[in-house]
Amino acid sequence: MQTEMQRLQAVFEFCELDVARAKRGHAERVIQRFLGAEGGLLIPGAWHLAYDLPPLAPSDVGPLQARVRSFLDGLADGLAQPQEVTIALGAVKLGVEVVPALFAGSVADRYVFGLALAAAQVGMQRIRKCPQCGKAFLKVGRRLYCNRPECERARDGAYWQTYKRSKHGAKVVRSARKRQYEAQGWTLGARSKKRAKKAR
């Protein structure tokens, strides 16, 4: 069984997926992981989104990615654009529990409907806007940036700039510089002394 956070992670993985480079069937498996066709979502208190799931044409994957990205970016800004979905609701008996289920609807419509449900469960505090690229990302732990390579580089750079200005960071920088100078046979502070002599 998957938690709502794990299911949302599958959504963000799907958004970042390079469909042209992905192995055959991989996009469909990522989609099914969210809908519950793989691993199962038929549990009390959860929606069964994958009941009698229709096939997904490869040509439909790209448009679904764009639709989901737009929805997530809207959520990160505070208001997602309304999405028109056509679905048929029903219910499945599971022991003494009744599980709401989608009996009809395209994969795209089920996906967007399920995404709205999952976002409501997890809460808006988890879907953030990356300060570097402006795209939505799933906040896990103390993460402030998304995991796109360029944003991770910006995060590392921002951390280093803050760290080296701290008391401990400045000490580490001085020690590293001293070791570098000793390894090269240089004299620490020699250039600044030359500049001072020239100034006189």
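See the structure shown above.
Residues numbered from 1 in each chain as written. Predicted model: local features only at pLDDT ≥ 70, side-chain atom pairs only at ≥ 80, totals over all residues. Heavy atoms only, no water.

**Student:** Is there a simple way to explain the packing of aromatic side chains in this structure?
**Tutor:** For any two aromatic rings, the description comes down to two numbers: the centre-to-centre distance and the angle of the planes. Applying the stated criterion across every chain yields a total of three aromatic pairs. Here the aromatic rings of F14 and Y111 are separated by 5.5 Å at their centres, their planes lie at 50°, and the arrangement is tilted. Of this pair, F14 sits in helix 1 (residues 4–16) while Y111 sits in helix 4 (residues 107–122), and the two are 97 residues apart along the sequence. Judged on exposure class, the residue F14 and its partner Y111 are both buried. Judged by centre distance (5.2 Å) and plane angle (85°), the ring pair of Y181 and W186 falls under edge-to-face. The class of Y181 is buried, set by a relative accessible area of 13%. (Phe/Tyr/Trp six-rings, centres within 6.5 Å; stacked < 30°, edge-to-face > 60°. Helix = DSSP H or I, 4+ residues; strand = E, 2+ residues; numbered from the N terminus. Buried < 20%, exposed > 50% of the residue type's maximum accessible area, 1.4 Å probe, protein only.)

**Student:** In this structure, what is going on with the layout of surface pockets? I would like to understand it.
**Tutor:** Where empty space is left becomes clear once a probe the size of a water molecule has been rolled over the atoms. Quantified by volume, the largest pocket comes out at close to 230 Å³. What lines the largest pocket is simply Q9, F12, E13, E16, A136, F137, L138, V140, R143, C146, N147 and R148. Of all elements in the fold, only helix 1 and strand 4 (136–138) reach the threshold of two or more residues within the lining of the largest pocket. In terms of residue count, helix 1 provides more of the lining of the largest pocket than any other element does, four residues in total. In terms of residue class, the lining of the largest pocket is built from six nonpolar, two polar and four charged. (1 Å grid on protein atoms, 1.4 Å probe; cavity = no way out; pocket = protein on both sides within 12 Å on 5 of 7 lines; lining within 4 Å. Points joined across faces, edges and corners; volume = space filled by probe spheres on them. Nonpolar A, V, L, I, M, F, W, Y, C, P; charged D, E, K, R; others polar.)

**Student:** I'm lost on helix 1 in this one. Help?
**Tutor:** An α-helix turns once per 3.6 residues; consequently, residues spaced three or four apart project the same way. For helix 1, built from 13 residues, the straight-helix expectation of 18 Å at 1.5 Å per residue is met to within 8% by its first-to-last C-alpha distance of 19 Å. Burial in helix 1 covers these residues: R7, L8, A10, V11, F12, F14 and C15. Those residues of helix 1 that are buried lie in contact with helix 2 (26–35), helix 3 (61–77), helix 4, strand 3 (127–129) and strand 4. (Expected span 1.5 Å × (residues − 1). Contact = heavy atoms within 4.5 Å.)

**Student:** I'm lost on the environment of E28 in this one. Help?
**Tutor:** Mapped onto the secondary structure, E28 falls in helix 2. You can call E28 partly exposed: its relative accessible area is 22%. The spatial distance from the C-alpha of E28 to the C-alpha of F14 is 9.4 Å, given a sequence separation of 14 residues. Residue contacts for E28: discarding those within four places in its chain leaves L56, P58 and V61.

**Student:** Just checking my understanding: could you explain the environment of M124 for this structure?
**Tutor:** Positionally, M124 belongs in the loop between helix 4 and strand 3. Overall, M124 belongs to the partly exposed group, its relative accessible area being 40%. The spacing of M124 and A76 is 48 residues in sequence and 7.6 Å in space, taken between C-alpha atoms.

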